[in-house]
Protein chains: 2
Amino acid sequence: MSADFRTPRLFTPEPFAVGGRLRLTPAQTHYLKNVLRRKPGDDVLVFNGRDGEGEGRISALGRDGAEIEVARLRRPQTSTPDLWLVFAPVKKAAMDNLVAKATELGVDRLVPVWTQHTQARRLNLDRLEAQAIEAAEQSDRLSVPGIAPPRPLLDVLSDWPGERRLLVCDETGGGRPILDVLDEMGSGPTAFLAGPEGGFAISELDPMRKLPFSTAIGLGPRVLRADTAAIAALSCWQARLGDWHEQPAFRGTR
Amino acid sequence: MSADFRTPRLFTPEPFAVGGRLRLTPAQTHYLKNVLRRKPGDDVLVFNGRDGEGEGRISALGRDGAEIEVARLRRPQTSTPDLWLVFAPVKKAAMDNLVAKATELGVDRLVPVWTQHTQARRLNLDRLEAQAIEAAEQSDRLSVPGIAPPRPLLDVLSDWPGERRLLVCDETGGGRPILDVLDEMGSGPTAFLAGPEGGFAISELDPMRKLPFSTAIGLGPRVLRADTAAIAALSCWQARLGDWHEQPAFRGTR
């Protein structure tokens, strides 16, 4: 048994342990059998956000379900940095993209908020979760970010946990350069807030500027789209204060 | 006349000057007239990558063309940092996204390359250029990045301008943390190289490692998709060595 980048990697909500068996969902069974054309005996990797990464074999692959025999622990569970992304829902394609990229970039919790200029007024949380799971599977993460139910921005801010810094991607140009802010701030629980495509309303920006835990950050002279700003800010944070001094656990090329 | 974020902003390949008139393309005419529903006398902003940003009015808007009267120079021409992105074409949606985001992030030149594991074998340069123009118009840039015709990676490396640093997004985990590399390197002409979805081949990585102008960079423990890696690396460079100490030229909220 030697897993590599071709080995299917599946998230499961179920607990697992070495020597035990794990039941897959019908969707995962279909994916293994009909999309990837795997057979009983083939290698699979599994993770659930608690028990590390298990390496095992397909022990049963039927029409209505599959079973994995977990043979060894490939990696113990590790935690991702304590980083949240608060964001106003954007258009479907941009949102899928944002959730996938935030997951790759190691965000621990996604917090959708309604703002005054948010275009979308409905949010398919199952769809967001599916995007996050797929990105976690493909990026070798050992966890899937949690997704909070959507709430109005001002409600989220009114019961904000005060020890968590809130860095606001302020497209009005009022923020200080992001690396200056990160250098001053140092590590600790952090959240980035990315606005809606239409920007924040003044009735949102004004109270935000007065919050003791909130700082406006600048991302240069060009006006970035909301999802670009979020991805750029998360990247800078991970590079400066997060876990980007670490390397991938497994190296390999084709 | 007072342009704001609602004012149409158009790229033109034509030269313009204050007091002069500028002819728009049929596509731009259609966009102004039928999509944005503008009328003669309405404000428009124009830029061409050489003459700064002109502010003017629609002086004619017919079925087969439109004309802009340039009334004043809103901003003189500025240059973007000397930053290239060398990339292997990825799937269509991811590529559109990458070109748009690289433009927002201030890339000066896009250099598509064929690699051993590149899936796509054809590239629609007109489509890429349209994406770059739209992103430049919307991000308040004063230029559109140049797009080189696609060539094999090893050919591009064989006549590489030696004074330009090449930072390779190395998904095999061999690179040093990006900010460490940027701090050591300092400013100067730079290019990032983002691999294809399948990663570089060993026959590409090995010679690249020996090139005196090339350095492998690391982007943390998670395996990023090629487009995510490119966007993340460009963001870190702009924040650390580029122009992100500057602010947008015009501030405003809704």
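Residues numbered from 1 in each chain as written. Chains lettered and ligands numbered in written order. Predicted model: local features only at pLDDT ≥ 70, side-chain atom pairs only at ≥ 80, totals over all residues.

(A) Representation of the overall build of chain A within the structure. Counting its regular elements, chain A contains seven helices and 13 strands. Here the C-alpha atoms of chain A give a radius of gyration of 20 Å, agreeing with the 18 Å that 2.2 N^0.38 yields for 254 residues. Each of the three principal axes of chain A carries a C-alpha extent, and together these read 60 × 35 × 35 Å. Per-residue burial over chain A gives 44% buried out of 254 residues. Contacts spanning at least 24 positions in sequence make up 77% of the contacts within chain A whose residues lie at least 6 apart. (Helix = DSSP H or I, 4+ residues; strand = E, 2+ residues; numbered from the N terminus. Rg over C-alpha atoms; globule rule 2.2 N^0.38 Å. Buried ≥ 20, exposed ≤ 12 C-beta atoms within 10 Å, placed from the backbone. Contact = placed C-beta atoms within 7 Å.)

(B) Representation of the domain arrangement of chain A in the model. All names here are of chain A. If you check the domain split of chain A, you get domain 1 (9–75) and domain 2 (83–240). Computed from C-alpha coordinates alone, the two centres of domain 1 and domain 2 are separated by 33 Å. Among the elements that make up the side of domain 1 that touches domain 2, the one with the highest residue count is strand S1 (residues 9–11) (three residues). Considering only residue class, the side of domain 1 that touches domain 2 consists of three nonpolar, two polar and three charged. (Domains from an automatic or database assignment. Nonpolar A, V, L, I, M, F, W, Y, C, P; charged D, E, K, R; others polar.)

(C) Local environment of the relation of the copies chain B and chain A. Rotating chain B by 180° about the axis while translating it 0.0 Å along that axis superimposes it on chain A, leaving an RMSD of 0.0 Å. Those values place the two copies in the arrangement expected of a two-fold rotation axis. When the interface residues of chain B are mapped onto chain A, 100% of them again lie at the interface, so the same face is used by both copies. (Least-squares fit on C-alpha atoms with pLDDT ≥ 70 in both.)

(D) View of the environment of Leu105(A). Turning to its location among the elements, Leu105(A) is positioned in the loop between helix H2 (92–104) and strand S7 (109–114). In this structure Leu105(A) comes out as buried when scored by C-beta crowding, with 29 C-beta atoms within 10 Å. Along the chain, Leu105(A) and Ile178(A) lie 73 residues apart, while their C-alpha atoms are 17 Å from each other. Among all residues touching Leu105(A), those that are not within four sequence positions of it are Ile231(A), Leu234(A), Ser235(A), Gln238(A) and Ala232(B).

(E) Broad picture of the sheet that holds strand S4 (residues 53–61) of chain B. Residues and elements named next belong to chain B. In spatial order, the strands read S1-S3-S4-S5-S2; together these five strands make up an open sheet with mixed pairing. Looking along the sheet, the strands with just one partner apiece sit at the ends: strand S1 (9–11) and strand S2 (21–23). Neighbour-to-neighbour, the strand axes of the sheet open up by a mean angle of 40°, direction not taken into account. Two strands pair when backbone bridges link them, and S4 and strand S5 (residues 66–75) are joined in this way by eight bridges, in the antiparallel orientation. Within S5, the position partnered with Arg 57 by the bridge is Glu 69. Each of S1, S4 and S5 is contacted by helix H1 (residues 26–35), which is oriented at about 80° to S4, the strand it contacts most. (Pairing = 2+ DSSP bridges. Axes fitted to C-alpha atoms, helices over the stretch in contact; angles between N-to-C directions.)

(F) Representation of unusual backbone geometry. All names here are of chain A. Positive phi is not limited to glycine here, since Arg 37 has a value of about 55°. With respect to the helices and strands, Arg 37 occurs in the loop between helix H1 (26–35) and strand S3 (43–47). Classification of Arg 37 by C-beta neighbours within 10 Å gives exposed; the count is 8.

(G) Region of interest: the packing of helix H2 (residues 92–104) of chain B against helix H7 (residues 226–240) of chain B. Residues and elements named next belong to chain B. For the pair H2 and H7, the least separation of the axes is 10 Å and the interaxial angle reads 5°. Comparing their axes, H7 and H2 come out roughly parallel. On the side of H2, the interface is formed by Ala 94, Asn 97, Leu 98, Lys 101 and Ala 102, while H7 contributes Asp 227, Ala 230, Ile 231 and Leu 234. When its residues are assigned to classes, the contact of H2 with H7 shows six nonpolar, one polar and two charged. (Parallel < 35°, antiparallel > 145°, perpendicular 65-115°, else oblique.)

(H) Representation of the pairing of strand S3 (residues 43–47) of chain B within the structure. Residue and element names in this part refer to chain B. A large share of S3 lies buried, amounting to four of its five residues. Of the pairings in the sheet, the one linking S1 to S3 comprises three bridges and is parallel in character. Bridging from a neighbouring strand, Leu 10 pairs with Val 46 of S3. Pairing between S3 and S4: five bridges, direction antiparallel.

(I) Seen up close, the interface of chain B and chain A. At the interface, 48 residues of chain B touch 48 residues of chain A. Elements with a contribution of two residues or more to the side of chain B that touches chain A: H2, helix H5 (178–185), helix H6 (202–210) and H7 of chain B. Its residues assigned to classes, the side of chain B that touches chain A comprises 19 nonpolar, 18 polar and eleven charged.

(J) Just the nonpolar core, in detail. Formed by 100 residues in total, the largest nonpolar core has its most connected members in Leu85(A), Ala230(A), Ala233(A), Leu85(B), Ala230(B) and Ala233(B). Not counting residues up to four positions away in its chain, the partners in contact with Leu85(B) are Ala102(B), Val107(B), Leu110(B), Val111(B), Ala191(B), Phe192(B), Ala194(B), Ala230(B) and Leu234(B). (Core = buried A, V, L, I, M, F, W, Y, C linked by C-beta atoms within 7 Å.)

(K) Up close: the packing of H2(B) against helix H3 (residues 125–138) of chain B. Residues and elements named next belong to chain B. Two elements in contact, H2 and H3, have axes separated by 8 Å at closest approach and are oriented at 40°. One way to sum up the angle between H2 and H3 is to call them oblique. Once H2 is placed against H3, the crossing between them reads as right-handed. When H2 is examined against H3, the residues Asp 96, Val 99, Ala 100, Thr 103 and Glu 104 are found in contact with a partner set consisting of Leu 128, Gln 131, Ala 132, Ala 135 and Ala 136. (Left-handed = near helix turned anticlockwise from the far one by under 90°.)

(L) Structural context of the sheet that holds strand S2 (residues 21–23) of chain A. All names here are of chain A. Taking strand neighbours across the sheet as the criterion, the five strands line up as S1-S3-S4-S5-S2 in an open arrangement whose pairing is mixed. Each end of this open sheet is capped by a strand with a single partner; those strands are S1 and S2. Sheet twist, expressed as the mean angle between neighbouring strand axes with direction ignored, is 40°. Across the sheet, H1 is in contact with S1, strand S4 (53–61) and strand S5 (66–75); its angle to S4 comes to roughly 80°.

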